[in-house]
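Chain by chain, the residues run as shown.
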Amino acid sequence: MAKFLVENSGALSGEVHVSGAKNAVLPLMAASILACDECVIQEVPRLRDVAVMKEILASIGGKLDQDEAGSLKIDFRDLTSTEADGNLVKKMRASFLIMGPLLARKGHAKVYMPGGCTIGARPVELHLKGFEALGADVVVNDKFTEAFAPPGGLKGASIYLDFPSVGATENIMMAAALAEGTTYIENAAEEPEIVDLANFLNKMGASIKGAGTDMIKIEGVKELHGARHTVIPDRIETGTFMLAAAITRGEVLIQNIVPDHVRAIASKLRECGVTVELVDEGLYINGGERPLVSTGIKTLPYPGFPTDMQSPFMAFLTTVEGDSTVIETVFENRFMHVNELNRMGANIRTEGNRAYVQGGKKLEGAKVRATDLRAGAALVLAGLAAEGTTEVDEIYHIERGYEDFVKKFRDLGAIILRVDE
Ligand code: UD1
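Residues numbered from 1 in each chain as written. Predicted model: local features only at pLDDT ≥ 70, side-chain atom pairs only at ≥ 80, totals over all residues. Heavy atoms only, no water.

A.B. asks: Would you mind showing me how to read the overall build of the chain here?
C.D. replies: Summing up its helical and strand segments, the chain has 14 helices and 24 strands in all. Its C-alpha atoms give the chain a radius of gyration of 22 Å, within 12% of the compact-globule value 22 Å for 421 residues. Its C-alpha atoms give the chain principal-axis dimensions of about 65 × 45 × 45 Å. Residue burial in the chain is summarised as follows: out of 421 residues, 57% are buried. Sequence-distant contacts in the chain: of pairs separated by 6 or more residues, those separated by 24 or more amount to 73%. (Helix = DSSP H or I, 4+ residues; strand = E, 2+ residues; numbered from the N terminus. Rg over C-alpha atoms; globule rule 2.2 N^0.38 Å. Buried < 20%, exposed > 50% of the residue type's maximum accessible area, 1.4 Å probe, protein only. Contact = heavy atoms within 4.5 Å.)

A.B. asks: How should the site of the ligand be read in this particular structure?
C.D. replies: Near the ligand you find 18 residues, and of these Arg93, Pro123, Ser165, Asp308 and Val330 are the closest. In this structure, Arg93 approaches the ligand through a side-chain N or O atom, which is 2.6 Å from an oxygen atom. Look at the ligand: alone it shows 730 Å² of surface, and the protein chains cover 85% of it. Elements with a contribution of two residues or more to the shell around the ligand: α5 (125–133) and α6 (166–177). When residues in the shell around the ligand are grouped by element, the largest group, 3 residues, is from α5. Partitioned by chemical class, the residues of the shell around the ligand number 8 nonpolar, 5 polar and 5 charged. (Near = heavy atom within 4 Å. Polar contact = N/O pair within 3.5 Å; in protein donor to acceptor, adjacent residues only side chain to side chain. Areas by Shrake-Rupley, 256 points an atom, 1.4 Å probe, with all protein chains shown as cover. Nonpolar A, V, L, I, M, F, W, Y, C, P; charged D, E, K, R; others polar.)

A.B. asks: Whenever I open this one, the side chain of Ser95 confuses me. Can you help?
C.D. replies: Relative to the helices and strands, Ser95 resides in the loop between α3 (86–89) and α4 (99–106). A relative accessible area of 0% places Ser95 in the buried class. At 2.4 Å, the side chain of Ser95 forms a polar contact with the backbone oxygen of Met92.

A.B. asks: What am I meant to see in helix α2 (residues 48–59) here?
C.D. replies: Residues that lie three or four places apart on an α-helix share one face, since the helix turns once every 3.6 residues. Helix length check: α2 (12 residues) gives 17 Å between terminal C-alpha atoms against 16 Å at 1.5 Å per residue, within 8%. Along α2, the residues that are buried comprise Asp49, Val50, Val52, Met53, Ile56 and Leu57. Mapping the buried residues of α2 onto a view down its axis gives an arc of 160 degrees, with all of them on the same face. Against α1 (22–31), β4 (63–66), β5 (72–75), α3 and α13 (396–401) lie the buried residues of α2. Phi for Gly61, located one or two positions after α2, is positive at around 110 degrees. (Expected span 1.5 Å × (residues − 1). Arc of directions from axis to C-beta.)

A.B. asks: Help me understand the pairing of strand β23 (residues 389–393) in this model?
C.D. replies: With 4 of 5 residues buried, β23 lies mostly within the body of the structure. Where strand β1 (residues 2–7) and β23 come together, 4 bridges link them in antiparallel fashion. If you follow Phe4 over to β23, its bridge partner there is Val392. Relative to β23, strand β22 (residues 367–369) runs parallel, the two sharing 3 bridges. Following the sheet pairing, Arg369 is matched in β23 by Asp393. After leaving β22, the chain enters helix α12 (residues 373–385) and then returns to the sheet as β23, a path that is right-handed. (Pairing = 2+ DSSP bridges. Right-handed = clockwise from strand over helix to strand, strands pointing away.)

A.B. asks: Could you clarify how one ought to interpret the packing of aromatic side chains in this entry?
C.D. replies: Each aromatic ring pair is described using two quantities: the centre-to-centre distance and the angle formed by the ring planes. Summed over the entire model, instances satisfying the criterion amount to 7 aromatic pairs. With a centroid separation of 5.5 Å and 15 degrees between ring planes, the pair formed by Phe4 and Phe405 is classed as stacked. Taken together, the residues Phe4 in strand β1 and Phe405 in helix α14 (residues 405–411) connect sequence positions 401 residues apart. In terms of burial, Phe4 and Phe405 fall into one category: buried. Joined through ring pairs, the aromatic side chains of Phe4, Phe241, Tyr402, Phe405 and Phe409 make up one cluster. When the ring centre of Phe144 is taken as origin, the NZ or CZ atom of Lys110, which lies over that ring, is 4.2 Å away. (Phe/Tyr/Trp six-rings, centres within 6.5 Å; stacked < 30°, edge-to-face > 60°. Lys NZ or Arg CZ within 6 Å of the ring centre and 35° of its normal.)

A.B. asks: Sorry if this is basic, but what is going on with the environment of Gly70 here?
C.D. replies: Structurally, Gly70 can be placed in the loop between β4 and β5. Given the relative accessible area of 2%, Gly70 is considered buried. Taking the C-alpha atoms as reference points, Gly70 and Arg349, 279 residues apart in sequence, are found 43 Å from one another. If we skip the residues at most four places from it in the chain, Gly70 touches Ile41, Gln42, Glu43, Val44 and Arg46.

Here's what the structure looks like:
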């Protein structure tokens, strides 16, 4: 199994270019199922999750071809199957996003989910409620989830989401794009990735208004055609490099960014005393200009502080003098990195969805485990600031979602080595 060896790297410095967003490209790829000719998605990052989505799409008849420049052609003229194999699906929660497009285009979708898969009945009930509101018959059991459109096809409806789920908003939006009549998604997720998906669908001939607000209106159309689209920059990767500069008290220029998408992260870093400035070339971060102070964070749906940045920000807070509270409201169990950070000398105590960080402790290298994608990134950041060597295991999580992770960090002066055992 591969691992990272990370050394104290001093202040990082230099420039880094952000890749296309993982959380935007996966729904875009799923949306290409809806088109009856070729779609081209540009600036597609080379990631494990993208590779898994490619395999899933190929397994149902998609013809895919990605060039060196990151331009991905997807042709679904022949949609040969409406069933997705569980062995692929269980690798990635986002694979459930093929359900809406399959149901809309073919009137049927079946996703096998063998026991133990994290995509259980509960975490997708909002997606399913949406499909049912559009008239689908949904069957859920231990092995699979299956949905059937009514004889005349899906019908537009008003759907209220009990929680603004990103995936449910995307799945329902894709299904409704080909439904007869008008669909309203109320309490919709407002994440930039939703807007990117709506823009792509509209280029394909859909009629979607209000994406980026809590009320999305979709006028169903009969058919969607191919389109060309460039993926938005990854705001979570941007945030990761903002924190890399902050935790090492370094100076980094981050290129290919949308400032609005990282506003919450920028505000919180400024509160701590980190310089965050928009300049012509990108976003300039300097963590070494003044003594830093602690702050509290609370994760919320967009435009609130992103849950995916909670663990990297917590790693940073352990290095700042003073007490901080971190409140996680989006996911129930997203503090697995706390034990790992504590093994590195941090002092963090959790109580329900709150973590209390006593900052300013000197971090020390240790053998730690990437418990999930962003937690893995958080441990690498901690390792850059810790004394000695940090060994981060189970890095396949990190490689699911960061393109050229080691190279980008090394270019900034980080001492990080990938070791294959
Ligand atoms: C997406 C992102 C992920 C990010 C998350 C929240 C992708 C590929 N992934 O995940 O990186 O952390 O948004 O910003 O875009 N829930 C239910 N029932 C449902 C759906 C969701 O209870 O039917 C719950 C989830 O268990 C979770 C919360 O709602 O606690 C948020 O989930 P959701 O917004 O759906 O996240 P994803 O789309 O899975």
